[in-house]
Amino acid sequence: MLRFKNLGSGSTGNATVVEGHSGSTTSRLLIDCGFGIRQLQARLALAGLLPEDLDAVFITHEHSDHVGCAQTLAVRYGIPVWMSAGTYAAVGSPDLGGWLRVARDMETIDLATFSAQPFTVPHDAREPLQLRCSDGSAHLGVMTDLGHASDHVLRQLEGCHALMIEANHDPDLLAASSYPAFLKRRVGGRFGHLANAASADILRAVMHPGLRCVVAAHLSARNNAPELAQQALADAVGWDAAQILVASPSSGTDWHDVA
């Protein structure tokens, strides 16, 4: 069995727990840990977990709202931290106490009860990776922080039963915002973040009868609204808007099974 819970998603911090069960064995992967250690501990506690319950951490890229307390988790709790060589260099090659594990595009990470397969995405970072997690029968795609979907990205999302997908901004709200021009260009560019319509196009491209759960993530607090993201994604797959879940910056999501 595979399930996941987002602990918070947005510019203030990002973290998601993926949990797999097989017999009496449970494995847990934390995807990103973009909070301070006390904040992460509090959010894990709301999920019924302690840092010691984590088997590994995966850092998608070097931006602070994703790296957060990775070094503390590795050194204090002896947890392996996976990231690309480019991400490790970009964060200053910190001492992780021997717990660094180098992730590479399409090289599967074995977590005993499930596997995680990193894949490259177009984003303004050194060597960004996102993840597809699978226990062999259930498949979860996690994809935030990218400016557009390459063919490679779309292939990794095919056949997923659950998707957590970035729906960062509404172009009209972004254009009218107080962001400086350079930041508007960055956010809306091909290596920035996905607009609602772009996220909808991706969802439309990978939609299949087995897709049961879609979570809109990494919404901009200034340049988007949950109802806009929900409606765009729902229209893409013919669902009611309420069927599209939204990852909150403050509370994330509930636990959701991947089936």
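As a reminder, the structure under discussion sits directly above these lines.
The structure contained in this document is the topic of the report that follows. None of the values given here were measured: they were computed from a predicted structure.

### Observations concerning the environment of alanine 74
Right, so step 1: Considering the arrangement of structural elements, one finds alanine 74 in helix H3 (residues 70-77).
Right, so step 2: On the basis of relative accessibility, which here comes to 0%, the residue alanine 74 falls in the buried class.
Right, so step 3: For alanine 74 and histidine 152, which are 78 residues apart along the polypeptide, the C-alpha to C-alpha distance reads 31 Å.
Right, so step 4: Excluding residues that lie within four positions of it along the chain, alanine 74 makes contacts with Ile79, Val81, Leu96 and Trp99.

### Some remarks on the environment of leucine 30
Right, so step 1: Counting through the fold element by element, leucine 30 comes out in strand E3 (residues 25-33).
Right, so step 2: What makes leucine 30 buried here is its relative accessible area of 0%.
Right, so step 3: In this structure, the C-alpha to C-alpha distance between leucine 30 and phenylalanine 58, residues 28 residues apart in sequence, is 6.2 Å.
Right, so step 4: If sequence neighbours within four positions are ignored, leucine 30 has contacts with Leu7, Ala15, Thr16, Val17, Leu40, Leu54, Ala56, Val57, Phe58 and Leu73.

### So, the side chain of glutamate 19
Right, so step 1: Tracing the backbone shows glutamate 19 in strand E2 (residues 15-22).
Right, so step 2: A distance of 2.6 Å separates polar atoms of two side chains, one belonging to glutamate 19 and the other to arginine 3.
Right, so step 3: A polar contact of 2.7 Å, which involves the side chain of glutamate 19, links it to the side chain of histidine 21.
Right, so step 4: Every residue in contact with glutamate 19, bar those within four places of it in the chain, is listed here: Met1, Leu2, Arg3, Thr26, Ser27, Arg28, Leu49, Phe114 and Trp255.

### Some remarks on helix H8 (residues 196-206)
One full turn of an α-helix is made of 3.6 residues, so residues set three or four places apart face in the same direction.
Right, so step 1: Within H8 the residues assigned to the buried category are Asn196, Ser199, Ala200, Ile202, Leu203 and Val206. Along the axis of H8, the buried positions cluster into a sector of 160°, meaning they face one direction only.
Right, so step 2: Along its buried surface, H8 packs onto strand E10 (139-143), helix H5 (151-157), strand E11 (162-166), strand E12 (213-217) and helix H9 (226-237).

### A look at unusual backbone geometry
Right, so step 1: Despite not being glycine, serine 93 has its phi angle at roughly 50°, a positive value.
Right, so step 2: With respect to the element layout, serine 93 can be found in the loop between helix H4 (85-90) and strand E6 (100-102).
Right, so step 3: The backbone of alanine 112 shows a phi angle near 75°, a positive value even though the residue is not glycine.
Right, so step 4: Locating alanine 112 in the fold gives a position in the loop between strand E7 (109-110) and strand E8 (115-120).
Right, so step 5: Residue alanine 112 is classed as exposed on the basis of its relative accessible area, which comes to 65%.

About the thresholds
- Residues numbered from 1 in each chain as written.
- Predicted model: local features only at pLDDT ≥ 70, side-chain atom pairs only at ≥ 80, totals over all residues.
- Heavy atoms only, no water.
- Helix = DSSP H or I, 4+ residues; strand = E, 2+ residues; numbered from the N terminus.
- Buried < 20%, exposed > 50% of the residue type's maximum accessible area, 1.4 Å probe, protein only.
- Contact = heavy atoms within 4.5 Å.
- Polar contact = N/O pair within 3.5 Å; in protein donor to acceptor, adjacent residues only side chain to side chain.
- Arc of directions from axis to C-beta.

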